[in-house]
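What the coordinates show
Residue strings, one per chain:
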Amino acid sequence: MSILNLEAYQPLTETTATQLALELKIFDEESQLSCKEIGDGNLNLVFHLAEQKSGKSIIIKQALPYAKVVGESWPLTIKRAKIEADALKIFGRIAPAYVPEVYYTNDILAVTVMEDLSHLSIARTGFINGETYPFISKHLGEYLAKTLFYTSDYALGPAAKKENVQKFINPELCNITEDLIFTDPYFDAETNEFEEGLRADVESIWKDDELIFHVSVLKKCFLTEAEVLLHGDLHTGSMFANHSETKVIDPEFAYYGPAGFDIGQVFANLLFQVIVNDENRHLFIHHVETVWNVFNEEFSRLWEAENKEKLVKTHLFLNHVVSKYFEDALGFTGCELIRRTIGLAHVADLDRIEDENIRLTAKRKSLELGKILIKQRKEIKGLSEFITAVKEMIE
Ligand code: SR1
Ligand code: MG
């Protein structure tokens, strides 16, 4: 039975994934392929296929019809595979240096066949193992500037942008973010996960009306402001890196939303290393600064050179737009810090700390910094005030 001719979805196995690669003629007919399921994320199957003789290798990623992190009791649309593949193609055209190449997609099987990046490591894992990836922040700043500019009204014009908005309506995946980032951590929801040692801190968050007001404002921004095509889940587990290269993967949460969301997720996931990594703290603070500086410079350059909106091409308006992105980014940074500490989906940066006192202290810093960034995002004017706020909380 040909895999390519299947008319209904079925989850792949290592055997059928190999068959698919051979049917696609990615490898020679007689090739001896090795195939291993290596998915360690929350949602998908990921097969690594390699032919030893030629050294050729690929990745086959398949969406499962449920969230792997919870199990079959949490059904999830497999249409997200098409969203992810379409987003990879757009981001790949805009920022080819930072996005894996897509070789083939199949909407029925919810499959994307793409470039193998196993010469790189998942950035979060690398950071935890002591790597600092000197160029990652410059690369992320460029990636953010290009993807957030070239998918905006300013680059596309309003009509083409609206067509994109339509293509990237992604209600189920957005709903995960709406619940897990902007709702559940702020009341006693079943999805929350935290250790008893944090109960008092968590209960004080549930009672903090000022904080909940600000999170509601940020949630409204996420729900309603279709500014740019977002990656939508831009944490350090969605990045591959080494000392010279960075690739951004997994945009299955892509949708048109507020630009500050992607920036904030990058900030927050670098800040986890600022919190836990005493030895390299200054390097991760520098990474946060570089992401913003490179983003700001490159986004402003693109704005000057390629903005199609004649009436909004002034410095004053550019400053208004960039300041708005920054303010939103600080708020979304705070939301990510909090949800990764007490919500459903945690980060290994914090959870892997064996010593309970050290772990709880790190988690409290994450919660406190999150609260400050959410509540004071309007008062924190610019990068240096942001970094001062971080240092005051962490050190
Ligand atoms: C049920 S999915 C949990 C989390 O994993 C994804 O990577 C997103 O961050 C989501 O919030
Ligand atoms: Mg992911």
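Residues numbered from 1 in each chain as written. Chains lettered and ligands numbered in written order. Predicted model: local features only at pLDDT ≥ 70, side-chain atom pairs only at ≥ 80, totals over all residues. Heavy atoms only, no water.

1. Some details on the sheet that holds strand β1 (residues 33-37)
Inclusion rule: When DSSP finds two or more bridges between a pair of strands, those strands are recorded as paired. Helix and strand definitions follow DSSP, with helices as H or I runs of at least four residues and strands as E runs of at least two, each counted in order from the N terminus. A fitted line through C-alpha atoms serves as each axis, taken over the contacting stretch for helices, and the angle formed by two N-to-C directions is quoted from 0 to 180°. By the convention used here, residues are in contact when the closest approach between their heavy atoms is within 4.5 Å.
A sheet is described by the order of its strands in space; here five strands give the open sequence β1-β2-β3-β7-β6, paired in antiparallel fashion. The sheet terminates laterally at β1 and β6 (102-106), the two strands that pair on one side only. The average angle at which neighbouring strand axes cross in this sheet is 20°, direction not considered. Sitting on the sheet, helix α1 (residues 14-23) touches β1, β2 (44-51), β3 (57-63) and β7 (111-115), and the angle it makes with β1 is about 130°. Running at roughly 30° to β7, helix α2 (residues 80-94) makes contact with β2, β3, β6 and β7 of the sheet.

2. Focus: the domain arrangement of the protein
Which entries qualify depends on this criterion: Domain extents, as shown, originate in an automatic or database domain assignment. Accessible area, probed at 1.4 Å, shrinks when two parts are joined; the buried area is that loss added up over both.
Structurally, the protein comprises domain 1 (3-115) and domain 2 (121-394). Here domain 1 and domain 2 have C-alpha centroids that lie 27 Å from each other. Contacts between the two partners involve 25 residues from domain 1, matched on the other side by 30 residues from domain 2. Across the domain 1 to domain 2 interface the summed buried area is about 2300 Å²; carbon plus sulfur atoms make up 71%. Area buried by domain 1 at its contact with domain 2 is led by Ile83, Phe91 and Tyr98, which between them contribute 33% of it.

3. Structural notes on the site of ligand 1
Stated formally: In these notes, residues near a molecule or strand are those with any non-hydrogen atom within 4 Å of it. For this analysis, a polar contact is any N or O atom pair within 3.5 Å, provided that within protein one partner can donate a hydrogen and the other can accept it, and provided that sequence-adjacent residues contribute only side-chain to side-chain pairs. Values of accessible area rely on a 1.4 Å probe in the Shrake-Rupley scheme; residue burial ignores everything except the protein chains shown.
Contacts to ligand 1 come from Asn42, Leu43, Val69, Trp74, Ile176, Leu180, Asp233, His235, Phe253, Arg339, Arg340 and Ala345. Arg339 places a polar side-chain atom, nitrogen or oxygen, 2.8 Å from an oxygen atom of ligand 1. Contact with the protein chains hides 95% of the accessible area of ligand 1, taken as 320 Å² for the molecule alone. Those elements that provide at least two residues to the shell around ligand 1 are α7 (171-180) and α12 (315-342).

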